[in-house]
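Understanding the architecture of this molecule
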Amino acid sequence: MTENQVASSFSFKIFERIKPDEYFRRFIEENVRPDGRALHTFRPTSIRQGAITTANGSAMVRIGGTTVVCGIKAEVAEPRVDRPKDGFLVPNVELSPICSANFRPGPPSEQAQVNAEIINQVLINCDIVDLSELCIDEGKAVWSLYADIVCINYDGNILDASFLALLCALKDLSLPTAEVLPSSIVQANSSMMIKPLKLRRLPISSTFCIFANPKVTLSDPTDSEENLSKETVSIILDTDGKILYVHKSGGAMCDAEMMKSCFSRANERAAELNELIERTSSQ
Amino acid sequence: MSRLELLTVEGLRIDGRRPNELRKITAKTSVLAQADGSAYIEQGNTKCLAAVYGPQEVRHRMQILHDRAIINVEFNVAPFSTSERKKRSKNDKRSLEIASAIKQTFEPVVQTSQFPRSQIDIYLQVLQHDGGTLQACINAATMALIDAGIPMIDYVCASTAGCIEKQPVLDLNYLEESSDSPELTVAILPRTGKVNLMSMESRLHVDMLESVAALATQGCEQIHTILDSVVRQNTQLLKDSMLQ
């Protein structure tokens, strides 16, 4: 009897290995996912701000098994001639081999660069922060913020996690007061720290996976679900329900009805995360 | 004098420690779900994460060794970990040197001959740097290898010691390390007391070497006690959960 139980528990693992799509399909037919979630639930999310003391602002975000750390370092830089008051905010995503067996050592992967670019575009186009708040002295010196988002554990949905980590790190950011001396040296007074940046809106990203057979959409896909699916949709909304960015890649199966349901789920998610962010920063 | 006073008259150090005192060490294993073995270690403000993947198939066929496993170490420093943001490329020479030192430290300790034609990957990520990265990385890697269940002949425990105003001090932090005081990193196998790695990059009078090395070895033994208790505790938990 016990032998049989052992045999059956082994066989489902083997089944998952050799026929991942079939294994997955059987779960979906029962309206449940392999990790026990319903089709449109997001994984439990937690935020910790200020975990890295060497950074000017930092946050660690967990979405289920995905863990990312975002650290922001500030440096003094010379502003661009055409925008003498504007500072810089440079996001960068690192997916090193520590976080998953599927990543190889070497130069940044396409996935990491694509994610960094999406974040950068949203920051530029959607007017999230006022870069002139990073001005030290017009035309002479501004703060340049390097936001490095390092993935520590990868289990799918890196875009949502990176966005959330970046937002919380920006909320955590504090800079020393600085002035430019007549000898054109920038002097920073680290006993007087200020919180320079106000976020004008909170861009909250929600990612969905679309499956053709059976026809379903899944919220917050894990690594294995991402690998099985050919289409993902990322929707970035702000907390007022404005759409900031939509990205759908691959496949051709998505109809209008499906997109609509994704938008309503993204809206719910934005409200939920907004509350979580508020709670974390008030602590 | 504008120079920082690293030792007070009472013999206390800049962070209030005694000369022969370690910083607080927190170690955890199995912190990453994706890796076969992982560990997180905090030594004072130095925070380091290690992940071990393998033994697994060798990635490049030409590297295959037919009598033993190869060990591959990647060392990465998060750009926000230091006080000055430095964008280090993956192939930065300094990182490669540290990775190679760690690789050579573990090669004789891991029983690689049990896994011929395979590869063991050790990935190290420094999240916050406050002196003693090499020792923190070695300690984290030991814990991650144990967590992955890879057979080793012993722990590898590493510690640093230096010399400030002719006084040997244990476990230097970043301020002490960067103020031109010599720093000696020692890694030992605690059971036999054999020295596995010894590295020093600045000037130290040869008469002082013995006392500094002795202090570092003492530190290694203390670290061994801490790491061993964490491993035993985890194993006990595992055993209890299996018996239930």
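Residues numbered from 1 in each chain as written. Chains lettered and ligands numbered in written order. Predicted model: local features only at pLDDT ≥ 70, side-chain atom pairs only at ≥ 80, totals over all residues.

If you look chain B up in an unreviewed UniProt entry, it shows as Ribosomal RNA-processing protein 41 from Mortierella isabellina. Looking at chain B in UniProt, the text filed under Sequence similarities (unreviewed entry) is "Belongs to the RNase PH family." (UniProt positions renumbered as here; feature names shortened; annotations may be inferred.)

An unreviewed UniProt entry lists chain A under the name Ribosomal RNA-processing protein 43, with Mortierella isabellina as the source organism. The UniProt entry for chain A carries this comment under Sequence similarities (unreviewed entry): "Belongs to the RNase PH family."

A few words now on the confidence of the model for chain A. Mean pLDDT for chain A: 89, with 96% of residues reaching 70 or above. For chain A, per-element mean pLDDT is lowest for helix α1 (residues 2-18) of chain A, which scores 69, and highest for strand β2 (residues 57-63) of chain A, which scores 95. (pLDDT = per-residue confidence, 0-100. Helix = DSSP H or I, 4+ residues; strand = E, 2+ residues; numbered from the N terminus.)

This part takes up unusual backbone geometry. Backbone torsion omega between G54 of chain B and P55 of chain B reads 0°, so that peptide bond is classified as cis. Along the chain, P55 of chain B turns up in strand β3 (residues 46-57). Residues other than glycine seldom take positive phi values, yet D127 of chain A does so here, at roughly 60°. Mapped onto the secondary structure, D127 of chain A falls in the loop between α3 (110-125) and β5 (135-137). Overall, the presence of 12 C-beta atoms within 10 Å leaves D127 of chain A in the exposed class. (Buried ≥ 20, exposed ≤ 12 C-beta atoms within 10 Å, placed from the backbone.)

Turning our attention to the sheet that holds strand β9 (residues 204-211) of chain A. All names here are of chain A. Taken together, 4 strands build an open sheet; the order of strands is β10-β9-β11-β12 and the sheet is antiparallel. Either end of the sheet is taken by a strand with one partner, and the two such strands are β10 (216-219) and β12 (243-249). Neighbour-to-neighbour, the strand axes of the sheet open up by a mean angle of 20°, direction not taken into account. Sheet analysis places β9 next to strand β11 (residues 231-237), joined by 7 bridges and oriented antiparallel. Counted as the bridge partner of S206 is I235 from β11. Taken strand by strand, helix α4 (residues 158-172) contacts β9 and β11, and its axis lies near 175° from that of β9. (Pairing = 2+ DSSP bridges. Axes fitted to C-alpha atoms, helices over the stretch in contact; angles between N-to-C directions. Contact = placed C-beta atoms within 7 Å.)

The interface is formed by 26 residues belonging to chain A together with 22 residues belonging to chain B. Taken together, the elements giving at least two residues each to the side of chain A that touches chain B come down to β3 (66-77) and β6 (141-153) of chain A. A class-by-class count of the residues in the side of chain A that touches chain B yields 13 nonpolar, 9 polar and 4 charged. (Nonpolar A, V, L, I, M, F, W, Y, C, P; charged D, E, K, R; others polar.)

What follows deals with α4 of chain A. Compared with an ideal rise of 1.5 Å per residue, which puts 15 residues at 21 Å, α4 of chain A spans 21 Å between its outermost C-alpha atoms and is within 8% of the ideal. Burial analysis of α4 of chain A places 14 of its 15 residues in the buried class, which makes it a mostly covered element. (Expected span 1.5 Å × (residues − 1).)

Another aspect to go through is the UniProt feature "domain: Exoribonuclease phosphorolytic" (unreviewed entry) in chain B. Here, the residues flagged by UniProt with the feature "domain: Exoribonuclease phosphorolytic" (unreviewed entry) are residues 21-151 and 154-218 of chain B. Structurally, residues 154-218 of chain B is divided into 28% helix and 40% strand, and its ends, taken at the C-alpha atoms, are 17 Å apart.

If you check helix α2 (residues 133-147) of chain B, its first and last C-alpha atoms are 21 Å apart, about what 15 residues at 1.5 Å a residue would give, namely 21 Å. Across the 15 residues of α2 of chain B, 15 count as buried, placing the element largely inside the fold.

Among the nonpolar cores identified, the biggest contains 130 residues, and A165 of chain A together with A50, V52, A140, A141 and A144 of chain B are the most heavily contacted of them. Ranked by residues supplied to this core, first place goes to α4 of chain A with 11 residues. A50 of chain B has contacts with S38, A39, I122, Y123, L124, A140, A141, M143 and A144 of chain B, leaving out every residue within four places of it along the chain. (Core = buried A, V, L, I, M, F, W, Y, C linked by C-beta atoms within 7 Å.)

What follows covers the packing of α4 of chain A against helix α6 (residues 256-282) of chain A. Residues and elements named next belong to chain A. Between α4 and α6, whose axes approach to 11 Å, the crossing angle comes to 35°. Where α4 crosses over α6, the two elements pack in a sense that is right-handed. Every residue of α6 that contacts α4 at L164, L167, C168 and K171 is listed here: L273, I277, T280 and S281. Across the contact of α4 with α6, the residue classes break down as 5 nonpolar, 2 polar and 1 charged. (Left-handed = near helix turned anticlockwise from the far one by under 90°.)

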